[in-house]
Amino acid sequence: MNRMIVTSRVGSDGILHVTVPVGTADADKEVRVTIEPAWTNGAVQDDYIEWLRAVAGRWQGEFYRPPQDALEERESLT
């Protein structure tokens, strides 16, 4: 059985009905169903791209890394 992506719409009653014909060769096999929102209108993706463009390249100045503590010596496990 190959991976499938099926797009469906939740009804006004809040119930999602999904029918997926996989064929008799795949009968009696276990499958996994994942429910996640589809990016139907692209609004979320557009907002992310806009935010990314706003912050990309905005850092001005030098990066500073404070001095690190000495590495702790531990007993050998063997």
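That block above? That's the structure.
Below you will find a few notes about this structure. Here the structure is a predicted model, which means the values were calculated and not measured. (Residues numbered from 1 in each chain as written. Predicted model: local features only at pLDDT ≥ 70, side-chain atom pairs only at ≥ 80, totals over all residues. Heavy atoms only, no water.)

### Details of the overall build of the protein chain
Logical step 1: A tally of helices and strands in the protein chain yields 1 helix and 0 strands.
Logical step 2: What you see for the protein chain is a C-alpha radius of gyration of 25 Å, clearly larger than the 12 Å of a compact globule of 78 residues, by over 25%.
Logical step 3: In terms of overall dimensions, the protein chain has a C-alpha envelope of 65 × 50 × 25 Å along the principal axes.
Logical step 4: A burial count over the protein chain gives 3% of its 78 residues as buried.
Logical step 5: A total accessible area of about 8800 Å² is found for the protein chain, and carbon and sulfur atoms account for 51% of it. (Helix = DSSP H or I, 4+ residues; strand = E, 2+ residues; numbered from the N terminus. Rg over C-alpha atoms; globule rule 2.2 N^0.38 Å. Buried < 20%, exposed > 50% of the residue type's maximum accessible area, 1.4 Å probe, protein only. Areas by Shrake-Rupley, 256 points an atom, 1.4 Å probe, with all protein chains shown as cover.)

### Thoughts on a nonpolar patch on the surface
Logical step 1: Together, Met1, Met4, Val6, Val10, Leu16, Val18, Val20, Val22, Val31, Val33 and Ile35 make up an exposed nonpolar region whose accessible area comes to about 960 Å².
Logical step 2: Along the polypeptide, Val6 turns up in the segment before helix H1 (43–55). (Patch = residues over 30% accessible without salt bridge, like charges linked within 9 Å, V, L, I, M, F, W, Y side chains within 5 Å. Salt bridge = Lys/Arg side-chain N within 4 Å of Asp/Glu carboxyl O.)

### Overview of the pattern of salt bridges
Between side chains of opposite charge, pairing is possible as soon as their charged atoms come close.
Logical step 1: Scanning all chains against the criterion turns up 2 salt bridges.
Logical step 2: A salt bridge links Arg74 to Glu72; the shortest N-O distance between them is 3.6 Å. Residues Arg74 and Glu72 agree in their burial class; the two are exposed.

### Some words on the packing of aromatic side chains
Logical step 1: Applying the stated criterion across every chain, the model contains 2 aromatic pairs.
Logical step 2: Here the aromatic rings of Trp59 and Phe63 are separated by 5.0 Å at their centres, their planes lie at 5°, and the arrangement is stacked. (Phe/Tyr/Trp six-rings, centres within 6.5 Å; stacked < 30°, edge-to-face > 60°.)

### Considering the environment of Ala38
Logical step 1: Following the sequence through the fold, Ala38 ends up in the segment before H1.
Logical step 2: Note: C-alpha distance between Ala38 and Ser12 (26 residues apart in sequence) is 17 Å.

### Quick look at the side chain of Asp26
Logical step 1: Following the sequence through the fold, Asp26 ends up in the segment before H1.
Logical step 2: In this structure Asp26 comes out as buried when scored by relative accessible area, which is 15%.
Logical step 3: A polar atom in the side chain of Asp26 sits 3.4 Å from the side chain of Lys29. (Polar contact = N/O pair within 3.5 Å; in protein donor to acceptor, adjacent residues only side chain to side chain.)

### Description of the environment of Thr7
Logical step 1: On the secondary structure map, Thr7 appears in the segment before H1.
Logical step 2: Separated by 66 residues in the primary sequence, Thr7 and Glu73 have C-alpha atoms spaced 55 Å apart.

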